[in-house]
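Close look at the chain arrangement
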Amino acid sequence: WVADRDGVCSAEFLVFPRSECVHSWLLARRLNAQDFASFASHQVSGDRPRVDFANLAVFPVLLPPSSEQSRIVAKLDATFARLDAGEAALRRGKERMKRYRAAVLNAAVTGELTKEWRKTNPSEETGAQLLKRLLIERRKKWEAAELAKMREKGRAPKDDKWKDRYPEPQAPDAANLPRLPKGWTWATVEQLGFVIGGLTKNPKRGQFPLKLPYLRVANVYANELRLDDVAEIGVEDGELDKLLLEEGDLLVVEGNGSKDQIGRVAIWDGSIRQCAHQNHIIKVRLVERGAAKWILYWLLSGAGRHHIEQVASSTSGLYTLSVSKAGSLPVRLPPLAEQQMIIRALESCLSAADRLAAALDRQLASIRRQRQAILRDAFAGKLVPQDSSDEPASTLLGRIRQDAGAKRGVLCSRA
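Residues numbered from 1 in each chain as written. Predicted model: local features only at pLDDT ≥ 70, side-chain atom pairs only at ≥ 80, totals over all residues. Heavy atoms only, no water.

With that settled, the discussion passes to the overall build of the protein chain. Summing up its helical and strand segments, the protein chain has 13 helices and 11 strands in all. Relative to the 2.2 N^0.38 estimate, which gives 22 Å for 415 residues, the radius of gyration of the protein chain is 31 Å and therefore markedly larger than a compact globule would have. Seen through its C-alpha atoms, the protein chain measures out along the principal axes to roughly 105 × 60 × 40 Å. Classification of the 415 residues of the protein chain by burial places 37% in the buried group. (Helix = DSSP H or I, 4+ residues; strand = E, 2+ residues; numbered from the N terminus. Rg over C-alpha atoms; globule rule 2.2 N^0.38 Å. Buried < 20%, exposed > 50% of the residue type's maximum accessible area, 1.4 Å probe, protein only.)

Shown next, in the form of structure tokens:
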């Protein structure tokens, strides 16, 4: 960076004063070249990483004559201006892709994407009927699980009164929710599945003999699992039924107070056998596993994010979810056949957008490589023609040394 005015800076900066012998912009370009950046990164040391100037000072630099320095800077400015324009256009393209993805996602979850399809494909089961069926199935699953627990403990029930303990899932307040396309209905996450918290990490768990891999917030992103670094944690046998993940489970990040990080959601792919999850990740085990992608895309959409942020906000200004808050999230519920149609159309559009975004990324990477190649040529004397009438660089170097010696003498006399 070259300052355009006099001023002060903190001790975190290494300052190269203006010199008549070395063009400031040429020096700035040189120090932005990849070989110097790589060299400097290997000189970092200390608890608070720093680069000592004495370590940087040994980096070899080819010094062109003054006139050639000016020609190099002019050539770099002209060439980089074209690359900058191309890079800006590519970044605008990426931003348009981002807006396109959001628009397609919005069209999907509002029913606009299948508006014409609905006219010629009447559903045999409406969203309301689907919800009623899922609620019956949900209760059956709860009863089967409770009965298995009682029998495992040798306490077979004498009557059906235990079924009255069933925690009825909360229905949404549809009065405050937007109107839906014909055949759709509103539900809540907990009506569609079982919302389950995870493990709280503590020192005692390190003493348990049974160790399992477990997912942390760092492993779950928006429609993405990052499993290159999965930690292990001690668990007790009695916790396994609650904590083990199953393929198709929805994973919702509870949050860390940040609005843009709250409620990241992905689908567990079952790639790690016997995997648990920490308490900052909420698991949703759906009654209808086929609805996982629909709920995923709904929660990733702008409208879904709005509801997440609403329930997660607090008077302190922090954002955090809980099992109960995640369970109360409203979900637009189309008929199952329409869900599947929407997902096919949506993923086709998103795949096309991904391919275009990848092409833009490749072009951006190409521009970065071109910059570095141009800088290499510039500092190897290959970018502009040599001129035999230029003052030799050896003479210029002598003047630099003489000037540096004079400055050291002034500093010594002041001391």
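Within this model, the second largest pocket holds a volume of roughly 830 Å³. Taken together, 26 residues form the lining of the second largest pocket, with Ala145, Lys149, Ile196, Asp241 and Lys242 sitting closest to its centre. Counting residues per element, the ones that place at least two in the lining of the second largest pocket are helix H6 (127–152), strand S2 (193–196), helix H8 (240–243) and strand S10 (281–286). Per-element tally for the lining of the second largest pocket: the top contributor is H6, with 8 residues. (1 Å grid on protein atoms, 1.4 Å probe; cavity = no way out; pocket = protein on both sides within 12 Å on 5 of 7 lines; lining within 4 Å. Points joined across faces, edges and corners; volume = space filled by probe spheres on them.)

The next thing to look at is the sheet that holds strand S6 (residues 231–234). Each strand in a sheet pairs with another by means of backbone hydrogen bonds, the pair being arranged parallel or else antiparallel. Read across the sheet, 3 strands follow the order S6-S3-S9 without closing on themselves; strand pairing throughout is mixed. Here the strands that pair on one side only, and so sit at the sheet edges, are S6 and strand S9 (276–277). Bridge count between strand S3 (residues 211–215) and S9: 2 bridges; the pairing is parallel. Residue pairing across strands places Leu215 opposite His277, the latter belonging to S9. (Pairing = 2+ DSSP bridges.)

For the rest of this paragraph, the subject is the sheet that holds strand S8 (residues 265–267). Spatially, the 4 strands line up as an open sheet ordered S2-S10-S7-S8, and their pairing is antiparallel. Both outer strands of the open sheet, S2 and S8, are each paired with one neighbouring strand and no more. On average, each strand axis in the sheet is tilted by 20° relative to the strand beside it, whichever way the strands run. As judged from the 3 bridges shared by strand S7 (residues 250–253) and S8, these two strands associate in the antiparallel manner. Across the sheet, the residue bridging to Leu251 is Ala266, located in S8. (Axes fitted to C-alpha atoms, helices over the stretch in contact; angles between N-to-C directions.)

Turning our attention to the packing of helix H1 (residues 24–31) against helix H4 (residues 66–109). The N-to-C vectors of H1 and H4 enclose an angle of 60°; their axes lie 9 Å apart at closest approach. When the axis of H1 is compared with that of H4, the two are oblique. Crossing geometry of H1 relative to H4 is assigned as left-handed. Contacts from Trp25, Leu26 and Arg29 in H1 reach Gln69, Ile72, Val73, Leu76, Asp77 and Phe80 in H4. The residue inventory of the contact of H1 with H4, partitioned by class, reads 6 nonpolar, 1 polar and 2 charged. (Parallel < 35°, antiparallel > 145°, perpendicular 65-115°, else oblique. Left-handed = near helix turned anticlockwise from the far one by under 90°. Contact = heavy atoms within 4.5 Å. Nonpolar A, V, L, I, M, F, W, Y, C, P; charged D, E, K, R; others polar.)

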